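In case you want the letters, here they are:
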Amino acid sequence: MKQKVVIRVTSNGKKNIRSKAMQIAVGVQGVESVAIEGEENSQIVVVGDNIDSINLTYLLRKKVGFAELASVSPIGGSKSEEPKQSDSGIQAMVWQTYQPGVQYYYAYDVPDNHHDSCIIM
């Protein structure tokens, strides 16, 4: 699922913080594009497939400083993506999961061992 993630980053007037934030964002798995937008270029817009936005925000806070997750929104595409069947007509076989039955508890008869074997009494 493609998504658009917007993160606010405070740069305190330093340009190297913006470039460092972009390098961190590009290194996250699933990222396709990174752009700087917003007023005072304080927002990083990340577009990609199945991006872990919380991990990305955590990395930016750790390496750059202040970072706030502003929004996460899906991009285009249809809402429901159904798997297409192949032309050969082969369908996947679905196995039922194993349901364990009732546990059996075995009862044993213990012979009566209460003989008066005590000589002292």
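As a reminder, the structure under discussion sits directly above these lines.
Just so we're clear, the structure is a prediction, and the values are computed from it rather than from any experiment.

What counts and how
- Residues numbered from 1 in each chain as written.
- Predicted model: local features only at pLDDT ≥ 70, side-chain atom pairs only at ≥ 80, totals over all residues.
- Heavy atoms only, no water.
- Core = buried A, V, L, I, M, F, W, Y, C linked by side-chain atoms within 4.5 Å.
- Buried < 20%, exposed > 50% of the residue type's maximum accessible area, 1.4 Å probe, protein only.
- Helix = DSSP H or I, 4+ residues; strand = E, 2+ residues; numbered from the N terminus.
- Contact = heavy atoms within 4.5 Å.
- Polar contact = N/O pair within 3.5 Å; in protein donor to acceptor, adjacent residues only side chain to side chain.

Q: Break down the nonpolar core for me, citing the residues and quoting the values.
A: Counting 17 residues, the largest nonpolar core has Ile 7, Val 9, Val 46, Leu 56, Leu 60 and Val 64 as the members making the most contacts within it. Mapped onto this core, the elements with two or more residues apiece are strand E1 (2–9), helix H1 (15–26), strand E2 (31–37), strand E3 (43–49) and helix H2 (53–63). Per-element tally for this core: the top contributor is H1, with 4 residues. Contacts of Ile 7, omitting those with residues within four sequence positions, involve Ser 42, Gln 43, Ile 44, Leu 56, Thr 57, Leu 60, Ala 67, Glu 68, Leu 69 and Ala 70.

Q: Report on the environment of Leu 69, specifying residues and quantitative values.
A: In this fold, Leu 69 is placed in strand E4 (residues 67–74). Separated by 61 residues in sequence, Leu 69 and Arg 8 place their C-alpha atoms 6.4 Å apart. Ignoring sequence-local partners within four residues, the contact set of Leu 69 consists of Val 5, Val 6, Ile 7, Ser 53 and Thr 57.

Q: A description of the side chain of Ser 42 should follow, citing residues and the corresponding values.
A: Its location among the elements puts Ser 42 in the loop between E2 and E3. A polar contact of 3.0 Å, which involves the side chain of Ser 42, links it to the backbone oxygen of Glu 39. Not counting chain neighbours up to four residues away, the residues in contact with Ser 42 comprise Ile 7, Arg 8, Val 9 and Glu 37.

Q: Please set out the environment of Val 28 residue by residue, giving values where relevant.
A: Tracing the backbone shows Val 28 in the loop between H1 and E2. A relative accessible area of 11% means that Val 28 is categorised as buried. Sequence separation between Val 28 and Leu 56 is 28 residues; the distance between their C-alpha atoms is 6.9 Å. When residues no more than four places from it in sequence are discounted, the contact partners of Val 28 are Ile 51, Leu 56 and Leu 59.

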